[in-house]
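# Chains, contacts and geometry: an overview
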Amino acid sequence: MDVKRVKDYIYWLYYQYLLVTCSYVLEPWEQSMFHTITVTVVAMVVYTAYVFVPIHVRLALEFFSQIFGAQPKSSV
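Residues numbered from 1 in each chain as written. Predicted model: local features only at pLDDT ≥ 70, side-chain atom pairs only at ≥ 80, totals over all residues. Heavy atoms only, no water.

## So, helix α2 (residues 28-67)
Here α2 spans 56 Å end to end across 40 residues, near enough to the 58 Å set by a 1.5 Å rise per residue. The principal kink in α2, of about 35 degrees, is found at Phe52, preceding the proline Pro54 by one to four residues. Following α2 by one or two positions, Gly69 has its phi on the positive side, about 95 degrees. (Helix = DSSP H or I, 4+ residues; strand = E, 2+ residues; numbered from the N terminus. Expected span 1.5 Å × (residues − 1). Bend = angle between axes of the 7 residues up to and from the residue.)

## Remarks on the packing of aromatic side chains
Counted by the stated rule, this structure contains five aromatic pairs. Ring centres 5.9 Å apart and planes at 20 degrees place the aromatic pair Tyr9 and Trp12 in the stacked group. One end of the pair is Tyr9 and the other is Trp12, both in helix α1 (residues 3-21) and three residues apart, which spans about a single turn. Note on Trp12: relative accessible area 47%, which makes it partly exposed. Chaining the aromatic ring pairs together yields one cluster made of Tyr14, Tyr15 and Tyr17. (Phe/Tyr/Trp six-rings, centres within 6.5 Å; stacked < 30°, edge-to-face > 60°. Buried < 20%, exposed > 50% of the residue type's maximum accessible area, 1.4 Å probe, protein only.)

## What about the UniProt feature "transmembrane region" (unreviewed entry) in the protein chain?
As annotated by UniProt and renumbered to match this structure, "transmembrane region" (unreviewed entry) occupies residues 9-26 and 32-53. Helix and strand shares over residues 9-26 are 72% and 0% respectively, and the end C-alpha atoms of the span are 23 Å apart. This span, residues 32-53, is 100% helix and 0% strand, and a straight line between its end C-alpha atoms measures 31 Å. (UniProt positions renumbered as here; feature names shortened; annotations may be inferred.)

## Some details on a nonpolar patch on the surface
Taken together, the side chains of Trp29, Met33, Ile37, Val41 and Val45 make up a nonpolar region of the molecular surface, amounting to roughly 540 Å² of accessible area. Following the sequence through the fold, Val41 ends up in helix α2. (Patch = residues over 30% accessible without salt bridge, like charges linked within 9 Å, V, L, I, M, F, W, Y side chains within 5 Å. Areas by Shrake-Rupley, 256 points an atom, 1.4 Å probe, with all protein chains shown as cover. Salt bridge = Lys/Arg side-chain N within 4 Å of Asp/Glu carboxyl O.)

And the structure:
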């Protein structure tokens, strides 16, 4: 791929983000605070999903397998 096209596409995505969040009207220090809070919240959501979603999926599969007649695993 052309590096210039990728760079332009990333800039375009960033400008779309600025337009959608209306953060282009903020002062520079307000933008940095806004971006810091946004990145922190997104990181917390990703971490929480990474840690807890697999546990809940496994428990749901065990629950539904017991309901629909699968044999329970032996604890021996």
